[in-house]
Amino acid sequence: SRSGLCQLHQWRIWAAERALYEGMPSPRLLERCHSAFEDGSATASSLQRAVGDGLAALGLRVEEEVQLSSGYSLDFVVDWRGQRLGVEVDGPSHFVGEAPSGRTMLKRRQLRSLGWRVAPVPYLEWNGLAQAGSPTPSPDLEVARQQQPQQQQRLWVLP
């Protein structure tokens, strides 16, 4: 199934993190896994469009729906102080209660292991800023650069 191929692809990324190459599936099967994983057609939500508009309003060069060679995609990539930084808009499906879902945590961890710094924009924080009537939020991207894996990553703070 497509779901099984995607899970096997994520396992392959995990195994590569640990240099576990013995017992890998055939190259043909790994290619099928990668293709299935990368084939997810993403549609930007109104929340994602609003975040993109906010990033652009800050004068950042914004790339949207960036497909990575790993098969993962990032909602946005921005240039921040000479580095490329991924920005993920985390809507309600990214959470179980107020905690990030297992799928979301896996993606964040695997992107970190692949060398990406990723700043999430949780919908509750974004909506809270909008309800407060605050001006365009300012990104605190430095926090995302220095955050520890277990700490909550924060992208938006009031100016």
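Residues numbered from 1 in each chain as written. Predicted model: local features only at pLDDT ≥ 70, side-chain atom pairs only at ≥ 80, totals over all residues. Heavy atoms only, no water.

### Re the side chain of Arg108
Working step 1: For Arg108, the position within the fold is in helix α4 (residues 102-113).
Working step 2: Sequence-distant contacts of Arg108, defined by excluding residues within four places in its chain, comprise Asp90, Pro100 and Pro120. (Helix = DSSP H or I, 4+ residues; strand = E, 2+ residues; numbered from the N terminus. Contact = heavy atoms within 4.5 Å.)

### Re the pairing of strand β6 (residues 118-122)
Working step 1: With five of five residues buried, β6 lies mostly within the body of the structure.
Working step 2: Burial of the side chains of β6 extends over both faces: Val118, Pro120 and Pro122 are buried on one face and Ala119 and Val121 on the other.
Working step 3: Note: strand β3 (residues 83-90) against β6, five bridges, orientation parallel. If you follow Val87 over to β6, its bridge partner there is Ala119. (Buried < 20%, exposed > 50% of the residue type's maximum accessible area, 1.4 Å probe, protein only. Pairing = 2+ DSSP bridges.)

### What to know about the side chain of Asp90
Working step 1: Following the sequence through the fold, Asp90 ends up in strand β3.
Working step 2: With a relative accessible area of 2%, Asp90 lands in the buried category.
Working step 3: Within the structure, Asp90 has its side chain in polar contact with the side chain of Arg108 (distance 2.5 Å).
Working step 4: Not counting residues up to four positions away in its chain, the partners in contact with Asp90 are Phe95, Thr104, Arg108, Pro120, Val121, Pro122 and Tyr123. (Polar contact = N/O pair within 3.5 Å; in protein donor to acceptor, adjacent residues only side chain to side chain.)

By themselves, these figures tell us nothing about what the structure is for.
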